[in-house]
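These are the residues of each chain, in order.
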Amino acid sequence: VPFLSDLIPFTYSGGMPFTINGAIVSSADITPTADEKAWEIYMDTVEIKGSNIPLLRQLLDNEQVPVSLQSRKLASVLEENVSGYNTPKPIFETTYLDDTIRISRDQDGKVFVYGKTSDVTEPTEYKSVDSDLGILKLLEGLNDNFFKLSM
């Protein structure tokens, strides 16, 4: 099987020539631990919003029939039917916090670094995101860098 780089006149990294974008939107209860030094997280729902994958986007962003993973319901079914299963409730301890960055560790010592990108607290609206796998941006980049066609 020939590689794409064998057929095109420029270097190609081998990745897919399109991008997959979207946001994972989750809700959870967050309660302080007994020592009040950390937070226990109990997931509730998980949704994918603003996907640029055609058809999947229309299915997942359907406001009339919302699609989400009901984590707590799934956890209840697993606890009732799988011997020894306990619903995970990760514990996060914030070790550094300022106006733009938060550094936390989970119960296993893994480090998570979060950067604040906006002060907006309303949910993001994804109607302006095209469900085209990023092909339009790819073509736009090709035009801007190689062909310089203007419309």
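That block above? That's the structure.
The structure contained in this document is the topic of the report that follows. All figures in this text were calculated on a predicted structure; none of them were measured in a lab.

1. Concerning the pattern of salt bridges
Applying the stated rule across the entire model yields 4 salt bridges. With a closest N to O distance of 3.7 Å, K49 and E47 form a salt bridge. For K116, the salt bridge is made with D119, and the minimal N-O distance between the two is 2.8 Å. It is possible to trace a salt-bridge network through shared partners that takes in D29, D44 and R72.

2. Re the side chain of R57
Among the structural elements, R57 can be located in helix α1 (residues 56-60). Under the relative-accessibility criterion, R57 is labelled buried at 8%.

3. Considerations on the layout of surface pockets
Each pocket or cavity is described by its volume, and for the largest pocket that value is around 310 Å³. Residue lining of the largest pocket: 14 residues in total, with I30, T94, R102, S104 and Y114 positioned closest to the centre. Those elements that place two or more of their residues in the lining of the largest pocket are β2 (39-49), β4 (91-97), β5 (101-105) and β6 (111-115). Considering every element that reaches the lining of the largest pocket, the biggest residue donor is β5, with 3 residues.

4. Focus on a nonpolar patch on the surface
Residues I135, L136, L138 and L139 make up a contiguous nonpolar surface patch of roughly 330 Å² in combined accessible area. Mapped onto the secondary structure, L136 falls in helix α3 (residues 135-147).

Cut-offs used in this document
Residues numbered from 1 in each chain as written. Predicted model: local features only at pLDDT ≥ 70, side-chain atom pairs only at ≥ 80, totals over all residues. Heavy atoms only, no water. Salt bridge = Lys/Arg side-chain N within 4 Å of Asp/Glu carboxyl O. Helix = DSSP H or I, 4+ residues; strand = E, 2+ residues; numbered from the N terminus. Buried < 20%, exposed > 50% of the residue type's maximum accessible area, 1.4 Å probe, protein only. 1 Å grid on protein atoms, 1.4 Å probe; cavity = no way out; pocket = protein on both sides within 12 Å on 5 of 7 lines; lining within 4 Å. Points joined across faces, edges and corners; volume = space filled by probe spheres on them. Patch = residues over 30% accessible without salt bridge, like charges linked within 9 Å, V, L, I, M, F, W, Y side chains within 5 Å. Areas by Shrake-Rupley, 256 points an atom, 1.4 Å probe, with all protein chains shown as cover.

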